[in-house]
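Given next are the chains, with one letter for each unit.
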Amino acid sequence: MASLPDKTLLTIDGPVGGLEAILEVPKGVDNPTCAVVCHPHPQHGGTMHNKVAHTLARAFLAADKAVLRFNFRGTEKSEGEFDNGVGEVDDVHAAIDFMRERFDRESLWLAGFSFGAAVSIKAAVDFRLDGLVSIAPAVSRFAAGLDRQPDCPWLVLIGDQDELVSVDETVEWVDSLLPGPELLVMEGAEHFFHGRLVDMRTRVVEFILANDTQA
């Protein structure tokens, strides 16, 4: 059995105050590469403890990466107020800056689920990334009209039974991007991947390992 990662609860400096966060570091890995995970919509119960966000963190740990989850502004103990996906992009910037400084890394992986996926896509264009993972991205509501796309390996994963994010709109959006991300539509999976989280994690780990040039 793999040893549990070192887990630290902390507060990082955000643009409008402290952001509550969890940092997990794989044991026995010297100088790990790292990742940031963004949670779903805070006004609909989304926090860094969401099961999909937690599963994304497990995927990065399985790939021997230190991973930071954090609560967006106004969520649980994070300071500030919800900003409809605008100020939250700056929160992602703060989380990336924290991990870059903590681990002395120029680039890192970024991931998000639903609202967090859309916000992380918007933030991704401002950084050099090792890779981007977008789970059921709420693009039409929070990341429409991108004038450029992330320049890194990029996975978009959505369930074909997603009841909250339109699968057809997501496929159409991906097809409009050149060169665009890799798209994976998981058969029989809905928005929160109930009963399919292990399958989702496996697909994400496979993508990370296949595209991990900084390991």
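Refer to the structure printed above.
No experiment lies behind these values; they were computed from the predicted model shown. (Residues numbered from 1 in each chain as written. Predicted model: local features only at pLDDT ≥ 70, side-chain atom pairs only at ≥ 80, totals over all residues. Heavy atoms only, no water.)

Before going further, it helps to examine the side chain of serine 107. Relative to the helices and strands, serine 107 resides in the loop between helix 2 (87-103) and strand 5 (108-113). Side chain to side chain, serine 107 and aspartate 130 meet in a polar contact 2.6 Å long. (Helix = DSSP H or I, 4+ residues; strand = E, 2+ residues; numbered from the N terminus. Polar contact = N/O pair within 3.5 Å; in protein donor to acceptor, adjacent residues only side chain to side chain.)

To continue, consider helix 2. One full turn of an α-helix is made of 3.6 residues, so residues set three or four places apart face in the same direction. Look at helix 2: 25 Å from first C-alpha to last across 17 residues, which is about the 24 Å you get at 1.5 Å a residue. Elements that come into contact with the buried residues of helix 2 comprise strand 1 (6-14), strand 2 (17-25), strand 3 (34-38), strand 4 (66-70), strand 5 and helix 3 (115-124). (Expected span 1.5 Å × (residues − 1). Contact = heavy atoms within 4.5 Å.)

Taking burial as the measure, the five residues of strand 4 include five buried ones, the bulk of the element. The side-chain alternation of strand 4 yields two buried faces, one formed by Ala66, Leu68 and Phe70 and the other by Val67 and Arg69. Both strand 2 and strand 4 contribute to a ladder of four bridges, which runs antiparallel. Each residue of the ladder has a partner; that of alanine 21, found in strand 4, is phenylalanine 70. Examined bridge by bridge, strand 3 and strand 4 share five bridges and lie parallel to one another. Across the sheet, the residue bridging to alanine 35 is valine 67, located in strand 4. Crossover connection from strand 3 via helix 1 (residues 51-62) to parallel strand 4: handedness right-handed. (Buried < 20%, exposed > 50% of the residue type's maximum accessible area, 1.4 Å probe, protein only. Pairing = 2+ DSSP bridges. Right-handed = clockwise from strand over helix to strand, strands pointing away.)

Under the counting rule described, the total for this entry stands at eight salt bridges. Across the salt bridge formed by arginine 69 and glutamate 24, the nearest N and O atoms sit 3.0 Å from each other. Here the residue arginine 69 occupies a position in strand 4, and glutamate 24 occupies one in strand 2, the gap between them amounting to 45 residues. Across the pair, exposure class does not vary: arginine 69 and glutamate 24 are buried alike. Here aspartate 212 and lysine 65 are joined by a salt bridge, their closest N and O atoms 2.9 Å apart. With aspartate 212 in the segment after helix 6 (197-210) and lysine 65 in the loop between helix 1 and strand 4, the pair connects residues that are 147 residues apart, well separated along the chain. The exposure class of aspartate 212 is buried, given its relative accessible area of 16%. Put simply, Glu24, Arg58 and Arg69 are held in one network by salt bridges that share partners. (Salt bridge = Lys/Arg side-chain N within 4 Å of Asp/Glu carboxyl O.)

Here we take up the pairing of strand 8 (residues 182-186). Note that strand 7 (residues 154-159) and strand 8 share five bridges and pair parallel. For isoleucine 158, the partnering residue across the bridge sits in strand 8 and is valine 185. In this view, the connection linking strand 7 to its parallel neighbour strand 8 by way of helix 5 (residues 167-175) has right-handed handedness.

So, about the sheet that holds strand 4. Strand order in the open sheet made by the eight strands is 1-2-4-3-5-6-7-8, with mixed pairing throughout. Edge positions in the sheet fall to strand 1 and strand 8, since each has one partner strand and no second. Averaged over all pairs of adjacent strands, the angle between their axes in this sheet comes to 20°, without regard to strand direction. Where strand 5 lies against strand 6 (residues 129-135), six bridges are found, and the strand directions are parallel. Its bridge partner lying in strand 6, tryptophan 109 is registered against glycine 131. (Axes fitted to C-alpha atoms, helices over the stretch in contact; angles between N-to-C directions.)

As a further point, take helix 1. Taking 1.5 Å of rise per residue, twelve residues should cover 16 Å, and helix 1 covers 16 Å from first to last C-alpha, within 8% of that figure. Of all twelve residues that make up helix 1, nine are buried, and the element is covered over most of its length. Turning to helix 1, its buried residues are Val52, Ala53, Thr55, Leu56, Ala57, Arg58, Ala59, Phe60 and Leu61. Turning to helix 1, the residues buried within the fold contact strand 2, strand 3, strand 4, strand 5, strand 6 and helix 6. Residue aspartate 64 follows helix 1 closely and has a positive phi angle near 65°.

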